[in-house]
Amino acid sequence: MSTTLDSALVADLARQVSGGVLGPQDAGYDAARAVYNGLVDRKPALIVRCRTTNDVVEALALARRAGLEVSIRGGGHNVAGRAVTDGGVMIDLAEMKGIAIDPERATATAEGGVIWRELNHSAAEHGLAVTGGAISATGIAGYTLGGGLGWLMAKHGLATDNLLAVELVTAEGDVLHVDAEHHADLFWALRGGGGNFGIATSFTYRLHPLQTIVGGLIAHPIDAAPDLLRFYREAVANASDDLSVFAGLVHAPDGSGAKLSALVVFHTGDADEAERDLEPFKAWGSPVVVDVGAMPYPVMNTILDAGYPAGSLNYWRASFTRGLPDELIDIAVERFATVPSPMTAILLKHFHGAVTRVGPTETAVPHRDEGWNLLIPSVWTNQADTEENIAWTRETFAAMRPHFGTGRWLNYLGDDEAEEAIRAAYGPNHERLREVKRRYDPDNVFHLNHNIAP
């Protein structure tokens, strides 16, 4: 899409904002429009690189005066790529990096361009932490608004369960302080309703004392996968809040393409408790890798980073399952044998503990049952392989579908998901979310998201 903006409007905006204003002719434009998923190749008419909340207000006002579509970029890591508009105005928060830690109140306030690597390190300087993304380059904004699952969810709940307040720019350009006492309906919706309600320019989180965890990787030959996953299913059945174990069919990180079955373990208890709880996982079978030990929490959030490089080509599918029956395990193993990319995995993320002790309507995140979210993150680097990888992902997802539940995780939805999938992500909260959407964004200004139509 090609859009020509009134040069006077652009010049006026450039005078009003402290950040940069980029058009297709400007140096830095292509770098600014790029997001994590290399499949996304959209060209905004204008990119406004905001540094302050006022910059956001002015950028939004220009877009609305010009009648242009608006997209919001936080960390730019979401696989659907909705951060980038084609022909509209991209409001880029990447330079909004302010972080303030209050160690006495155990809170963190961070601006909308912060990524988890940055927030994790700032909190860790005070011996504090909150549930963050398993990939450290993930932005806090989209991650939190979509729910925010991660290593600490069994101990402390989702990121959104620890959200205390949001500064939000509405479709009308108003700047609201949103918390449990101010705009309570909107606060409820922001905790899991995605980017439907405004532009979140800062987030305040509850933090928890945490410095060192015990975690890492246990890998087995791929031939052990069926038995390992059955063992895993039983071994986590009564897991404590301190213990989280994700499982998967993966490729060796050395680039050899060798297939492995693996467990990623994480423990927040003391050394003796961690040793007791992790010993069964380390002792099972004949692992080829047992790389488990004490480490700072921020380090744990980087151990998977290498598998998800910026600019790689991504096509994901995910669903909550109905348990982990033998049949689903067998399908996963069979399908993984034909996987076309040595970067693709099939992952199982276990929900238990604190995340399941929140009611399905207490926040906008309805997925509170104990069980598994199954994720197929297909990743490759050669554009010529795109059709083959997308086809394999769709076929694998379809083969597993009989074992899926009704829920879908919002932040794992792709750009081509049907309305049915979006409704499954919001579940029983969809109608209430629609009511909030009507109140705060009746014209659906913020529609480049997994949209709740007003």
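This text goes with the structure placed above it.
First things first, this report covers the structure right here in the doc.

Thresholds, definitions, all that
- Residues numbered from 1 in each chain as written.
- Predicted model: local features only at pLDDT ≥ 70, side-chain atom pairs only at ≥ 80, totals over all residues.
- Heavy atoms only, no water.
- Helix = DSSP H or I, 4+ residues; strand = E, 2+ residues; numbered from the N terminus.
- Expected span 1.5 Å × (residues − 1).
- Bend = angle between axes of the 7 residues up to and from the residue.
- Buried < 20%, exposed > 50% of the residue type's maximum accessible area, 1.4 Å probe, protein only.
- Contact = heavy atoms within 4.5 Å.
- Polar contact = N/O pair within 3.5 Å; in protein donor to acceptor, adjacent residues only side chain to side chain.
- Pairing = 2+ DSSP bridges.
- Axes fitted to C-alpha atoms, helices over the stretch in contact; angles between N-to-C directions.

**Let's talk about helix α9 (residues 271-283)**
- An ideal rise of 1.5 Å per residue puts 18 Å on 13 residues; α9 measures up with 17 Å between its terminal C-alpha atoms.
- Within α9, the axis deviates most sharply at D277, by approximately 35°, and proline P280 lies no more than four positions further along.
- The set of residues buried in α9 consists of A274, D277, L278 and F281.
- Lining the buried residues of α9 we find β12 (212-221), α8 (225-235), β13 (243-251), β14 (259-267) and β15 (289-296).
- Between the side-chain oxygen at the start of α9 and the backbone nitrogen of D272 there is a gap of 3.2 Å, and the oxygen is on D270.
- Remark: G285 follows α9 within two positions and exhibits a positive phi of approximately 65°.

**Some points on the pairing of β12**
- With seven of ten residues buried, β12 is to be regarded as a mostly interior element.
- Summarising the sheet, β12 and β15 pair through eight bridges and their orientation is antiparallel. Among the inter-strand pairings, I218 is bridged to a residue of β15, identified as V290.
- Of the pairings in the sheet, the one linking β12 to β14 comprises eight bridges and is antiparallel in character.

**Considering the sheet that holds strand β1 (residues 20-22)**
- On the basis of which strands lie adjacent, the open sheet formed by four strands has the order β1-β2-β4-β3 and mixed pairing. Taken across any chain shown, the strands that pair with only one partner, and hence form the sheet edges, are β1 and β3 (70-73). Taking the axes of each pair of neighbouring strands and ignoring which way they run, one obtains an average angle of 20° across the sheet.
- Pairing analysis gives three bridges linking β1 to strand β2 (residues 46-49), with the strands arranged antiparallel. Bridging from a neighbouring strand, L22 pairs with I47 of β2.
- Helix α3 (residues 53-66) rests against β2, β3 and β4 (89-92) of the sheet, and its axis sits at about 175° to β4.

**Regarding the environment of I390**
- Here I390 lies in helix α12 (residues 386-400).
- When the C-alpha positions of I390 and S378 are compared, they lie 7.8 Å apart, and in sequence the two are twelve residues distant.
- I390 has contacts with Y315 and W380, leaving out every residue within four places of it along the chain.

**Here we look at unusual backbone geometry**
- A positive phi is found at A106, a non-glycine position, where the angle reads about 55°.
- Locating A106 in the fold gives a position in the loop between β5 (99-102) and β6 (107-111).
- Look at A106 and you get buried, because its relative accessible area is 17%.
- Backbone geometry places N444, a non-glycine residue, at a positive phi of 55°.
- Among the secondary structure elements, N444 is positioned in the segment after α14 (430-440).
- Classification of N444 by relative accessible area gives buried; the value is 16%.

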